[in-house]
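# A structural walkthrough
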There are 2 protein chains.
Amino acid sequence: MSILAKHAVNKEDKSNIITLGMEAKAAKKKNPKVINTTIGMLYDEDGSLYTFDSVNKVIASLNNDEKFAYASTPGSKEYHDALKHWVFQDYEAEILANMHCAVMATPGGSGAIGNTLANYLNPGDKVLLPNYMWSNYKQFAYESFESYDTYTLFNEEGNFNLDNLRLKMLELKKSQGRIVLIINDPCHNPTGYTMSYEEWIGLISEINMLSRDGTPFVLLYDMAYIDYDRRGLQASRDNIRLFENLNESVIAILAFSGSKTLGLYGLRIGAQIGLSKSEENIIEFARANKFSSRAKWGSSSILGMNIITKIFTNKEYEEKFKSELDYIRDILTTRANVFKEEAAKVNLKTLPFDSGFFISIPCDKPMEVYNALVKEDLYVIPLENVIRVTLSSISIAECKKIPEMIKRHL
Amino acid sequence: MSILAKHAVNKEDKSNIITLGMEAKAAKKKNPKVINTTIGMLYDEDGSLYTFDSVNKVIASLNNDEKFAYASTPGSKEYHDALKHWVFQDYEAEILANMHCAVMATPGGSGAIGNTLANYLNPGDKVLLPNYMWSNYKQFAYESFESYDTYTLFNEEGNFNLDNLRLKMLELKKSQGRIVLIINDPCHNPTGYTMSYEEWIGLISEINMLSRDGTPFVLLYDMAYIDYDRRGLQASRDNIRLFENLNESVIAILAFSGSKTLGLYGLRIGAQIGLSKSEENIIEFARANKFSSRAKWGSSSILGMNIITKIFTNKEYEEKFKSELDYIRDILTTRANVFKEEAAKVNLKTLPFDSGFFISIPCDKPMEVYNALVKEDLYVIPLENVIRVTLSSISIAECKKIPEMIKRHL
């Protein structure tokens, strides 16, 4: 008899990303020629973790209270306002005039996903996930006594498969009467796919048709990589603006990641941003997610919140941060371009890709390929049905070498 | 129809501590004469948040990776070793020779409590709590689809009520076949009560009798205030040493709070320390709690972990930290002594109290007393059946004034 509760006996973190990442790191320490494409963090061309000067400047300006005192569980109004300003950009006033909105501080984007799954599905319900995905979504679901179904992300043309998504949503509507759909865009993990504006219009329209009869619908928008979209800040905000069209029975919950946008990975700061036509939805959002936050982690990092607040409410810091973001985003785009060019040269097929931290190669024997590549000092991440290469952690020169190496072992 | 799942509709944070704390803070800003006894953080005699020089020195020595990179979900071996060294003190070698042990990094003591309730009780089960308590325990239980029962903390002599606890444990054994018992000691919140060594011996003996037949038993030891025990570090570690006597079907889970021990409240760092005679219990502890951590908050603060690791693995930092701890603990003890003396003078009855952040006065109309005291510029925390005064946030001079003020309005 286990000392664990029944549901906890099966809890086992199946992800190998962190373990393989540690092996790669250890290998690189011994041999600097090792190429480590495992880590979901941004590295500069010189191989060092990319940190924003604007972040370090702000930290140096904070007093003890701003670094060490307890934050309130939801975070301060100033933090909330700073995030609305950043996430909505030019549409801030318009969105806030047309929608109800509340913000909840969370430990990273992870906390935002955890809270949402804890509060919008009943035990036994299924969350709807893309078939290529950050596999931790499944664990969040299990932790909340839920399971999952998947929609096929791509159609035969390599575009967003709205037809399959529609079918899956109808199935779930019938079986459980409510839907939580996760959309990870732009720079989808692990493919790097980015939905077009037209695809977003189609998605919003389907969500509205499905929920017109009052079916509760939660669009959990995992926008971790939003600020690394090669199209720049505006394009993704154009998509968010479309949320104004969502009908009353829908809540969009935007999962903001301070880890990705500001490189604050290890500080654990993020947010859930609730957006709905219905005021009641937002009142309930604030109430239930505050409760869950207090009953999971108490409150979030005040240091992380104050860094974000100060950067996004001070013109000088914000301009500096934006130019640093442009610098590193350009590097990421160049890495992607180089990788794609080389992949084309050696005829290496990748999944549909635009930009972001990751690119994926379809593969039916990922562990074998992983092992073969390790022998050549290249560390990738083998997932269920793909090899994932992390562009954020390797140099442009390394991007040039990798496609040929993978191609040889596929 | 609510957009929330059924179980989430009732989620409402009933605690008024943070709200009343903010009101008190705002009042003090306008009028410096206001006495704010609401905040569970340590303030120095000059009214400033107490921060350890040793902590600030260590932060200044950390590089970007040590502050901002992702930590692994459980935290590093170095972090685990540093915590074992600090929490077990002189008994480290002995305890680790006699028990199996694993550590899981968490966001504060809160994360440790959240994980434990998520994994050791089945939905519908009850966690066993003291009748005077930090009310957030109830919310942790609800978040995991559980409820609670309470044991009567004090007997008529004002000592630990082992007889009542035994009865309650037997009831739960019968109804659910497993027990999770929370003991918050020393410096119990909100009373300041500290169990004697003999009371701990009695408790361990009861736990063993009850679980001798293999009944799974989790002793969730909330030791948030362990380093503020007026008896010093040794006395509480003598109690922990008694865990070596627990039998195979028991796991002790120690909830460590970086917030309290090191004043790192807002950084959100703590740990679950699992300790058991059974190796299987510890393997399962590490597996299930790693899964839950990844499926709730991803990973914990690397900055917090590195501060703690560096202080407890560097003789010089550790000595400096210990002397700073002695300084502020002595102040806290003086505040308690002054409060008790004054309470005796005006015949103000308190619940049994030894030391720590809080002291409580039994009261059957706490909101009325609260409102009357606000008019005299004194902000306390009204709980269900007591008035809580926070000694950690007020000066010795203020401790002298408060008993008479409360007495007048009881």
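Cut-off values and rules
Residues numbered from 1 in each chain as written. Chains lettered and ligands numbered in written order. Predicted model: local features only at pLDDT ≥ 70, side-chain atom pairs only at ≥ 80, totals over all residues. Heavy atoms only, no water. Least-squares fit on C-alpha atoms with pLDDT ≥ 70 in both. Contact = heavy atoms within 4.5 Å. Helix = DSSP H or I, 4+ residues; strand = E, 2+ residues; numbered from the N terminus. Buried < 20%, exposed > 50% of the residue type's maximum accessible area, 1.4 Å probe, protein only. Polar contact = N/O pair within 3.5 Å; in protein donor to acceptor, adjacent residues only side chain to side chain. Pairing = 2+ DSSP bridges. Axes fitted to C-alpha atoms, helices over the stretch in contact; angles between N-to-C directions. Parallel < 35°, antiparallel > 145°, perpendicular 65-115°, else oblique. Left-handed = near helix turned anticlockwise from the far one by under 90°. Nonpolar A, V, L, I, M, F, W, Y, C, P; charged D, E, K, R; others polar. 1 Å grid on protein atoms, 1.4 Å probe; cavity = no way out; pocket = protein on both sides within 12 Å on 5 of 7 lines; lining within 4 Å. Points joined across faces, edges and corners; volume = space filled by probe spheres on them.

## So, the relation of the copies chain A and chain B
For the match of chain A to chain B, the screw axis carries a shift of 0.0 Å, the RMSD comes to 0.0 Å, and the turn is 180°. Considering both components of the superposition, the chain copies are consistent with a two-fold axis. Here 100% of the contact residues of chain A are again contact residues in chain B; the copies associate through an equivalent surface.

## Side note on the side chain of A:Q176
Residue and element names in this part refer to chain A. Topologically, Q176 is positioned in helix α8 (residues 162-176). When its relative accessible area of 16% is taken as the criterion, Q176 is described as buried. Polar contacts involving the side chain of Q176 include one to the main-chain amide nitrogen of K126, which spans 2.9 Å. The contacts of Q176, once residues within four sequence positions are left out, are L121, D125 and K126.

## Let's talk about helix α7 (residues 136-143) of chain B
Residue and element names in this part refer to chain B. Burial runs high along α7: six of the eight residues are buried. By the burial criterion, the buried members of α7 are N136, Y137, Q139, F140, A141 and E143. Phi turns positive, to about 65°, at F145, one or two residues after α7.

## Quick word on the side chain of B:S144
For B:S144, the location among the structural elements is in the loop between α7 and β4 (147-151). Beyond its immediate sequence surroundings of up to four residues, B:S144 is in contact with B:G114, B:L117 and B:A118.

## Things to note about the sheet that holds strand β12 (residues 386-390) of chain B
Residue and element names in this part refer to chain B. In space, the three strands of this open sheet follow the order β9-β12-β11, with antiparallel pairing throughout. In this open sheet, the two edge strands, each paired with only one partner strand, are β9 (358-362) and β11 (381-382). Bridging between β11 and β12 involves two bridges; their strand directions are antiparallel. By the bridge assignment, P382 is partnered in β12 with I387.

## Considering the packing of helix α4 (residues 77-88) of chain B against helix α13 (residues 302-312) of chain B
Residues and elements named next belong to chain B. At a minimum axis separation of 9 Å, α4 and α13 run at an interaxial angle of 55°. Classified by the angle their axes make, α4 and α13 are oblique. Crossing of α4 against α13: the hand is left-handed. In this structure, α4 uses E78, Y79, A82, L83, H85 and W86 to contact α13, whose residues at the interface are M305, I308, T309 and F312. Each residue belonging to the contact of α4 with α13 can be placed in one class, and the counts come to seven nonpolar, two polar and one charged.

## A closer look at empty space enclosed by the protein
Across all of its chains, the model carries four cavities of 30 Å³ or more by this definition. Here the largest cavity is characterised by a volume of approximately 180 Å³. Around the largest cavity, the lining is made up of 19 residues, and of these A:E143, A:S144, B:E143, B:S144 and B:K296 lie nearest the centre. Contributions of two or more residues to the lining of the largest cavity are made by α6 (108-120) and α7 of chain B. The class makeup of the residues in the lining of the largest cavity is seven nonpolar, five polar and seven charged.

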